[in-house]
Amino acid sequence: MSFASPLFLWFFMPATLLALWALPRRCRNAVVAAASLVFYAWGAGPHTLLLLSAIVVNYGAGLALDSARLRDRPRARRKVLLAAVGWNVAMLAVWKYAGFATEQLDALTDALGLGHSPIVTLALPIGISFFTFHHLSYVVDVYRGSTPAQRSPVRFITYIAMFPQLVAGPIVRYHEIAEQLGDTRRDRLGDLAAGFPRFALGLAKKVIVADSLAAVADAAFAQAGGPVNTPTAWLGAAAFALQIYFDFSGYSDMAVGLGLMFGFRLPENFDRPYSAYSVTDFWRRWHMSLSRWFRDYVYIPLGGNRGGAPRTYRNLLIIFVLCGFWHGADWTFLVWGLYHGGLLVAERLLGWDRPPGTVWTLALRRAATLLLVVVGWVFFRAKSMSEAWSMLRAMFTWRPGELDEFVAWAANGQRTAVFALALAVVALPASRALGPLIQAGRGPAVRVARAAVTWVAAPYAAMLVAAGTFSPFLYYQF
């Protein structure tokens, strides 16, 4: 069930809000937990049993790690932690990577003349990458003693399965929401007033902008196997860079807005990433909850930047290989991760990870960073390495007469208008990210923007949804 679907907009969300308002405040967690399981079961079907089994295992592991019986037995606690982490990693590995691993084994045995080996085919449970990371951070935090275990099953289910963030984030660490789970005496009208404009902004970004840009990106990448010209290749890469930003940040805006409407403050996930002055800065601004997760649970335990430059570079490459592979079981994602990891290492060697000193240097660094990120998105979007190389060759190999072909292909008024709007939103300077500004900003200009989003853009987006022009969120596949 997508947030940008008639079923969600006109039935599921209103029904859940009505139940929340009709029942006593102390029932909030139970309402959200029940609605979340229904939401997941609607889209995942039998895979709901996998989610429930993960909840049971990690809830029990948290209680064991925080129990008085194990408090003075560090070796026993460590075994419980390793068992819980191993179970979560194994679950993710089997369901997400078994098919890829067996395909590579089949290719290897065939190349060696040993014949074909069996290939495992499993349907990917939606949101498995996200709820697995929630569980991992929970058991690690309880083991470290940074947060007590949650003893209420209903609250634990609410944390893990909360439908605003269940299938595509943001990744919420338990300590970020633990106190909120117990705070049921909230101003529900105030929460609705704060959350709905943020949800409306996300809906508009997704349906009006991202889905329109998808047509441009899809058309360009569809030509990758043939004679795609240089301008078309660049337009396709830029269109996808804008599409994935408006799609994923739109989802995050909707998730934060829904969380607010139900009384939860979820962490921000984007902070104008295409204004970054370096790739290092880009990863401080893009999918921030994922970056923080890898920093706190992988990078720092590996040693972080302690132990000298070579170890730091090794750790950065490990992190981004994992980050790439987390996004998908394919060589394109692995290369995308290595590409970004290599850029971060290069920036450290050149000293470009630090803020530039002058306005002109800042402008040049921003342009260079955006260019590098757009090139990297080609690997992320391509369906295969051959398609990615075809697009990259076209981007950097100009043929005579290509400009006329491109003008004929791109001569679409609506497509051009949406593309220009997206570029303007990304390029215009601003002191704050648009989502938090719409949600909580003050002043006449902000009030006008909030009203425009709520009463103009969101209703138009809803009409497009009713007409059947919506598409699944890109991050649903991860």
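Computed from a predicted structure; not experimentally measured. (Residues numbered from 1 in each chain as written. Predicted model: local features only at pLDDT ≥ 70, side-chain atom pairs only at ≥ 80, totals over all residues. Heavy atoms only, no water.)

**Student:** If you had to explain the overall build of the chain to someone new, which residues and values would you point to?
**Tutor:** Across its full length, the chain carries 21 helices and zero strands. Relative to a compact globule of 478 residues, whose C-alpha radius of gyration would be 23 Å, the chain shows 23 Å and is just as compact. Looking at the chain as a whole, 54% of its 478 residues are labelled buried. As displayed, the chain offers around 21200 Å² of accessible surface, 67% of which is attributable to carbon and sulfur atoms. Separation between the mean location of the 43 positive side-chain charges and that of the 26 negative ones in the chain comes to 10 Å. (Helix = DSSP H or I, 4+ residues; strand = E, 2+ residues; numbered from the N terminus. Rg over C-alpha atoms; globule rule 2.2 N^0.38 Å. Buried < 20%, exposed > 50% of the residue type's maximum accessible area, 1.4 Å probe, protein only. Areas by Shrake-Rupley, 256 points an atom, 1.4 Å probe, with all protein chains shown as cover. Lys, Arg positive; Asp, Glu negative; His and termini not counted. Charge placed at Lys NZ, Arg CZ, Asp CG, Glu CD.)

**Student:** Help me get a handle on the pattern of salt bridges, residues and values and all.
**Tutor:** Should their charged atoms come close, side chains of opposite charge can pair. This structure, assessed with the given rule, holds 12 salt bridges. The residue Arg173 makes a salt bridge to Asp296 at a minimum N-O spacing of 3.0 Å. Of this pair, Arg173 sits in the loop between helix H8 (163-166) and helix H9 (174-182) while Asp296 sits in helix H13 (residues 288-302), and the two are 123 residues apart along the sequence. The exposure classification of Arg173 matches that of Asp296, with both residues buried. If you follow the salt bridges from partner to partner, you end up with Arg173, Glu176, Arg295 and Asp296 in one network. (Salt bridge = Lys/Arg side-chain N within 4 Å of Asp/Glu carboxyl O.)

**Student:** So what's going on with the packing of aromatic side chains? Which residues, and what values?
**Tutor:** All chains considered together, the criterion is met by 51 aromatic pairs. For the ring pair Phe8 and Phe39, a centre distance of 6.1 Å and an interplane angle of 75 degrees mean the geometry is edge-to-face. With Phe8 in helix H1 (residues 6-22) and Phe39 in helix H2 (residues 28-44), the pair connects residues that are 31 residues apart, well separated along the chain. A cation over an aromatic ring shows up here: Lys206 above the ring of Phe473, its NZ or CZ 4.9 Å from the ring centre. (Phe/Tyr/Trp six-rings, centres within 6.5 Å; stacked < 30°, edge-to-face > 60°. Lys NZ or Arg CZ within 6 Å of the ring centre and 35° of its normal.)

**Student:** I'd love a proper account of the nonpolar core, names of residues and values included.
**Tutor:** Of all hydrophobic cores here, the largest spans 132 residues; its most connected members are Phe3, Phe8, Trp286 and Trp377. Per-element tally for this core: the top contributor is helix H11 (residues 230-261), with 18 residues. Those residues in contact with Phe3 that lie beyond four places of it in its chain are Phe8, Leu9, Phe39, Phe163, Pro164, Tyr251, Met254, Ala255, Leu258, Phe473 and Tyr476. Ala200, Ile438, Val453 and Ala458 belong to the second-largest nonpolar core, a separate cluster that totals five residues. (Core = buried A, V, L, I, M, F, W, Y, C linked by side-chain atoms within 4.5 Å. Contact = heavy atoms within 4.5 Å.)

**Student:** Tell me about a positive patch on the surface, and name the residues and values.
**Tutor:** Taken together, the side chains of Arg69, Arg73, Arg75 and Lys79 make up a positively charged region of the molecular surface. With respect to the element layout, Arg69 can be found in helix H4 (residues 68-71). Classification of Arg69 by relative accessible area gives exposed; the value is 60%. (Patch = residues over 30% accessible without salt bridge, like charges linked within 9 Å, V, L, I, M, F, W, Y side chains within 5 Å.)

**Student:** Tell me about the environment of Phe325, and name the residues and values.
**Tutor:** Tracing the sequence through the fold places Phe325 in helix H14 (residues 309-327). Phe325 has contacts with Tyr97, Phe100, Asp330, Phe333 and Leu334, leaving out every residue within four places of it along the chain.

**Student:** Mind laying out helix H16 (residues 359-381), listing which residues take part and the relevant values?
**Tutor:** Its 23 residues place the ends of H16 33 Å apart at the C-alpha level, agreeing with the 33 Å of an ideal helix rising 1.5 Å per residue. Every buried residue of H16 is listed here: Arg365, Thr369, Val373, Val374, Val375, Gly376, Trp377, Val378, Phe379, Phe380 and Arg381. (Expected span 1.5 Å × (residues − 1).)

**Student:** Account for the packing of helix H5 (residues 74-111) against helix H6 (residues 128-144), with residues named and values stated.
**Tutor:** Remark: H5 packs on H6, axes separated minimally by 10 Å, with the N-to-C direction vectors making an angle of 175 degrees. The angle between H5 and H6 places the two elements in the roughly antiparallel class. Along the contact surface, H5 presents Arg77, Arg78, Leu81, Ala84, Val85, Asn88, Val89, Met91, Leu92, Trp95 and Lys96, while H6 presents Ile128, Ser129, Phe131, Thr132, His135, Leu136, Val139, Val140, Val142 and Tyr143. (Axes fitted to C-alpha atoms, helices over the stretch in contact; angles between N-to-C directions. Parallel < 35°, antiparallel > 145°, perpendicular 65-115°, else oblique.)

**Student:** Requested: an account of unusual backbone geometry, with residues and values cited.
**Tutor:** Its identity is not glycine, yet Arg272 carries a phi of approximately 50 degrees, on the positive side. Relative to the assigned elements, Arg272 resides in the loop between H11 and helix H12 (279-285). With a phi close to 45 degrees, His287 is a non-glycine residue in the positive phi region. With respect to the helices, strands and loops of the structure, His287 is situated in the loop between H12 and H13.

**Student:** Tell me about the environment of Phe246, residues and numbers included.
**Tutor:** Along the chain, the position of Phe246 falls in helix H11. Under the relative-accessibility criterion, Phe246 is labelled buried at 3%. Residues Phe246 and Ile208, 38 residues apart in the sequence, show an inter-C-alpha distance of 9.5 Å.

Take it as geometry only, folks, not as evidence of what the structure does.
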